[in-house]
Amino acid sequence: MKKEKSEKKQKTEKKKEPKQPQYYYSATNIQTLNYKVYYMGAAEKILWFLVGFAAGAAVGYLFYGGLAKNEYGDPTIMTYVLNVLISGTAGIAAGRAFVPIRTDMIQKKRISKLKSQFRDMLEAFNTCLGAGKNVTDSFRSVYEDLKVQYEEDAFILKELEVILSCMDNNVNIEVPLLDFGARSGVDDIVSFANVFQTCLREGGNIKDTIRNTHEILSDKMEIAEEIETTVTGARSEQYMMLIMPILLIGMIKLMSEDFAANFATPAGIIATTLGIGMFIAAYMAGRAILNIKI
């Protein structure tokens, strides 16, 4: 009984946990981005919901449209009602499922950009330190170099602006770095911030730290790119296998109305439902297999 109560308590506590904010504020009161979460705005949610709704409604009508026809094969009132209900239900389900999927895609793309930009920052920082500049001047030089390479709203430029602002206001340089690592949720950035703090305060070799971190991160990203190249073909095949039954059913229904009528029978409905279930299960399994993390 005690275990059950504790488990229920933990579940309720998890439910009560507030969502992480999209933005924080730095030590110098600059708005900073929380990379670990992404929340769509109302307009964006509506847009992607409508995209999912349109696709789901079209597929629902394609597979289950034209039910309840009379003995002569003509549509009845019930046919039109079912068409609307089935298409609407499938569209709503697809729209609601697609919004979090799209959110996850945007989140992963953003983290990938951040990692790439952070690697470029380390490379430029390593070059500046190797040229004999101190840490403060190196950060300023890196910011000027990356301004030429990236657009004004690039993630790494915003983070460097926070770091420079903290330096100008006599805030310890490790404070914005540790904050950056915590907000990024990227292990490499967190590790770099912690090691940088240790080297700066304990008298370690910052040049070697930057160089080693850059080499490790570059190797990891190269491996990730090789893996991505390898699985791209398999992922394309997965998408083709997902789209193939939709195209086949569409071709059959357009080319042969008599054969297409078999899909409206009880046996056809059961077979169609089982087929859709198996394709969805195969897609989810393939997606999990191809989601390789380094």
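Think of each chain on its own: its residues are numbered from 1, step by step along the sequence as written. In keeping with the predicted nature of the model, local features appear solely for residues at pLDDT of at least 70, side-chain atom pairs appear and are counted solely at 80 or more, and the whole-chain, interface and lining totals rest on all residues. Side-chain numbers come from the whole structure's heavy atoms, not from hydrogens or water.

Draft legend 1. How the structure looks around the pattern of salt bridges. Throughout this description, the term salt bridge denotes a Lys or Arg side-chain nitrogen within 4 Å of a carboxyl oxygen of Asp or Glu. A complete count under the given rule lists 6 salt bridges for this structure. A salt bridge links Arg140 to Asp168, with the shortest nitrogen-to-oxygen separation between them at 2.7 Å. Of this pair, Arg140 sits in helix H4 (residues 135–149) while Asp168 is found in helix H5 (residues 155–168), placing the two residues 28 residues apart along the sequence. Among the residues examined, Arg140 registers a relative accessible area of 32% and is labelled partly exposed. A salt bridge links Glu159 to Arg183; the shortest N-O distance between them is 2.6 Å. Of the two residues, Glu159 sits in helix H5 while Arg183 sits in helix H6 (residues 174–184), which places them 24 residues apart along the sequence. Note on Arg183: relative accessible area 3%, which makes it buried. Within this structure, Glu159, Asp179 and Arg183 form a network of salt bridges that share partners. Under the scheme used here, helices are H or I runs from DSSP no shorter than 4 residues and strands are E runs no shorter than 2 residues, and both carry numbers assigned from the N terminus. The buried label applies to any residue whose accessible area, calculated with a 1.4 Å probe on protein chains only, is under 20% of its type's maximum; exposed applies above 50%, and partly exposed to all values in between.

Draft legend 2. Molecular detail of a negative patch on the surface. Put simply, a patch holds well-exposed residues, over 30% relative accessible area, that have no salt bridge, with like charges counted together within 9 Å and Val, Leu, Ile, Met, Phe, Trp or Tyr side chains within 5 Å. Only the protein chains shown count as cover for residues, with accessible areas throughout obtained via the Shrake-Rupley method and a probe of 1.4 Å. A positive count includes Lys and Arg, and a negative count includes Asp and Glu. His and the chain ends are not counted in either. Taken as the charge location is NZ of Lys, CZ of Arg, CG of Asp or CD of Glu. A grouping of Glu215, Asp219, Glu222, Glu225 and Glu226 is seen on the molecular surface, where their side chains present a negatively charged patch. A residue is classified by how much of its surface remains accessible, and Glu225, at 43% relative accessible area, is partly exposed.

Draft legend 3. Examining the packing of helix H2 (residues 42–64) against helix H8 (residues 206–255) more closely. Axis angles are defined between N-to-C directions and span 0 to 180 degrees, where every axis is a line fitted to C-alpha atoms and, for a helix, only to the segment in contact. Between H2 and H8, whose axes approach to 10 Å, the crossing angle comes to 50°. Between H2 and H8, the angle is such that the two are oblique. Note on packing geometry: the crossing formed by H2 with H8 is left-handed. Residues Val59, Tyr61, Leu62 and Phe63 of H2 pack against Pro245, Ile246, Ile249, Gly250 and Lys253 of H8. Charged residues are taken to be Asp, Glu, Lys and Arg, nonpolar residues to be Ala, Val, Leu, Ile, Met, Phe, Trp, Tyr, Cys and Pro, and polar residues to be all remaining types, Gly included. Looking at the contact of H2 with H8 residue by residue, the class counts come to 7 nonpolar, 1 polar and 1 charged. Angles are sorted into four bins: roughly parallel if under 35 degrees, roughly antiparallel if over 145, roughly perpendicular if 65 to 115, and oblique for all others. Put simply, a crossing is left-handed when the front helix is turned counterclockwise from the back one by less than a right angle, and right-handed when it is turned clockwise. It only takes one pair of heavy atoms within 4.5 Å for two residues to be counted as in contact.

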